[in-house]
Amino acid sequence: MKKKICILYTGGTIGMVPTENGYAPKQGYFRDAIAKIPDIHEPGMPDWDFVEFDPLLDSSNIALDQWNMIGRAIRDHYSEYDGFVVLHGTDTMAYTASALSFMLEGLRKPVVLTGSQIPLCQLRSDGRDNLITSMLIAGEGRVCEVCLYFGGKLLRGNRATKASADGLIAFASPNYHVLAEAGIDINYHEASLLQPPKYVPFRLTEFHQTSIGVLKIFPGIQFNLFESIMTEGLNGIVLETFGAGNIPSYDNDLLPIIKKAFDHGAIVCVCSQCQNGTVKLGTYETSNALTRAGAVSGYNMTTEAAVAKLYYLFSLGFDRDEIKKLMEEDLRGELTK
Ligand code: ASP
């Protein structure tokens, strides 16, 4: 039987048109535009339905409400389709892919995010291949996870990060093997794919607003400026530290502030500014102090995945000890210890 997929169109450059204020999405335009791509009617393509979100957004404006809307659309139509393609702007695509990977538990079908750097209506658009190949991957059903297809590569969603503002290979997965490469054929790297869950039923966890911060450490940082955010109101903070999890120790301001945040109940997750490699707390004196202040290791998680995971665990209503523990565990293939 012919496979059937659902395309969820949220906005982004792929469907944008030029306006006097720059590119912007246009409601009601894109469905017809993609129906005009000759390849889409080829016999090898899956059948497809198209759902247009309202309003269509530049992905800089995407936040929890839209993540929940995408999640609900997938949950409500889960049994009707073999896979889903989510058309999305590139700017926050890695955040949305990470968020959906946690929200959708027990997934047994592909959910493929894609978009483009050049609008489909423009010369040399990368949108055509990104869309067609994503549709094929969604229809083939070989992956059962949230992933991101862009520029010939299929990446695990919660390992992806936007690595180029203008290149057509805009995403990288520095700490995890690509899931598939699309050359003449689409070659899957079987050993890297998540296995279909045996017992966990499919379910959606919607995200609730949670006060989360990201703090990038830099030489000369005046930690006292950040003290005002480390209050009872803060639920979690991702620290983007140097190398394997190091912070400066030239003044003694940071640790008391982190300790204060921790004592107020916040989760402090240590990630690295390096794209490649992992946090190893305790390797150096400068990172050991973080563990003593109650921080947890984000290992080789991207900041995007760490932020999404904090939203997820808080949305599940776990207590702090449970969240601390789960932050360091691999839930959806987002980290390797
Ligand atoms: N600003 C656009 C967006 O993220 C960029 C893109 O789609 O490439 O929606």
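Conventions used here
- Residues numbered from 1 in each chain as written.
- Predicted model: local features only at pLDDT ≥ 70, side-chain atom pairs only at ≥ 80, totals over all residues.
- Heavy atoms only, no water.
- Helix = DSSP H or I, 4+ residues; strand = E, 2+ residues; numbered from the N terminus.
- Rg over C-alpha atoms; globule rule 2.2 N^0.38 Å.
- Buried < 20%, exposed > 50% of the residue type's maximum accessible area, 1.4 Å probe, protein only.
- Contact = heavy atoms within 4.5 Å.
- Phe/Tyr/Trp six-rings, centres within 6.5 Å; stacked < 30°, edge-to-face > 60°.
- Lys NZ or Arg CZ within 6 Å of the ring centre and 35° of its normal.
- Pairing = 2+ DSSP bridges.
- Axes fitted to C-alpha atoms, helices over the stretch in contact; angles between N-to-C directions.
- Near = heavy atom within 4 Å.
- Polar contact = N/O pair within 3.5 Å; in protein donor to acceptor, adjacent residues only side chain to side chain.
- Areas by Shrake-Rupley, 256 points an atom, 1.4 Å probe, with all protein chains shown as cover.
- Salt bridge = Lys/Arg side-chain N within 4 Å of Asp/Glu carboxyl O.
- Arc of directions from axis to C-beta.

Enquirer: What is the right way to look at the overall build of the protein in this model?
Expert: Within the protein, the regular secondary structure consists of eight helices and 18 strands. By the compact-globule yardstick of 20 Å for 337 residues, the protein fits well, its C-alpha radius of gyration being 21 Å. Overall, the protein is about 65 × 50 × 35 Å in size when its C-alpha atoms are taken along their principal axes. Within the protein, the fraction of its 337 residues that count as buried is 54%. Intrachain contacts of the protein at a sequence separation of at least 6 include 74% that bridge at least 24 residues.

Enquirer: Whenever I open this one, the packing of aromatic side chains confuses me. Can you help?
Expert: What characterises a pair of aromatic rings is the spacing of the ring centres plus the angle enclosed by the ring planes. For the structure shown, the criterion picks out twelve aromatic pairs. Arranged with centres 6.4 Å apart and planes meeting at 40°, the rings of Tyr29 and Phe30 form a pair that is tilted. According to the relative accessible area criterion, Phe30 is buried, its value standing at 0%. Looking at Lys109, its charged tip hangs above the ring of Tyr78, at a distance of 4.5 Å from the centre. The ring centre of Phe262 lies 4.1 Å from the NZ or CZ of Arg320, which sits over that ring.

Enquirer: Would you explain the sheet that holds strand β8 (residues 146-150) in this entry?
Expert: Neighbouring strands of a sheet are bound in pairs by backbone hydrogen bonds; such pairs are parallel or else antiparallel. On the basis of which strands lie adjacent, the open sheet formed by eight strands has the order β4-β1-β5-β7-β8-β9-β12-β13 and mixed pairing. Each edge of the open sheet is held by one strand with a lone partner, namely β4 (47-57) and β13 (186-188). Averaged over all pairs of adjacent strands, the angle between their axes in this sheet comes to 20°, without regard to strand direction. Note: strand β12 (residues 180-182) against β13, three bridges, orientation antiparallel. Residue pairing across strands places Ala180 opposite Tyr188, the latter belonging to β13. Set on the sheet, helix α3 (residues 93-103) makes contact with β7 (111-114) and β8; between it and β8 the angle comes to about 155°.

Enquirer: Mind showing me how you'd approach the site of the ligand here?
Expert: Neighbouring residues of the ligand: Gly12, Thr13, Met16, Asp58, Ser59, Gly89, Thr90, Asp91, Ser116 and Gln117. At 2.9 Å, a side-chain N or O of Thr13 approaches an oxygen atom of the ligand. Within the side chain of Asp91, a nitrogen or oxygen atom sits 2.8 Å from a nitrogen atom of the ligand. Notes on the ligand: free accessible area 260 Å², of which the protein chains cover 90%.

Enquirer: How do you make sense of the pattern of salt bridges when you look at a structure like this?
Expert: Two side chains that carry opposite charge are able to pair once their charged atoms sit near each other. Scanning all chains against the criterion turns up 14 salt bridges. Arg72 is the partner of Glu206 in a salt bridge, and the nearest nitrogen-oxygen pair spans 2.7 Å. Note that Glu206 is positioned in the loop between β14 (203-204) and β15 (212-216) and Arg72 in helix α2 (residues 64-76), a separation of 134 residues in sequence. Here Arg75 ties to Asp76 by a salt bridge, and the two come within 3.0 Å at their closest N and O atoms. Relative accessible area serves as the criterion here: at 46%, Asp76 is assigned to the partly exposed category.

Enquirer: It is not clear to me how helix α6 (residues 285-292) should be interpreted in this structure. Could you clarify?
Expert: It helps to recall that an α-helix has 3.6 residues per turn; residues three or four apart then point in one direction. By the burial criterion, the buried members of α6 are Ser287, Ala289 and Leu290. When α6 is viewed along its axis, its buried side chains cluster within an angular range of 145° and face the same direction. The exposed residues of α6 that point more than 90 degrees off its buried face are Glu285 and Arg292. Close packing links the buried residues of α6 with β16 (236-241), α5 (254-263) and β17 (267-272).

On their own, these measurements won't tell you what the molecule is for.
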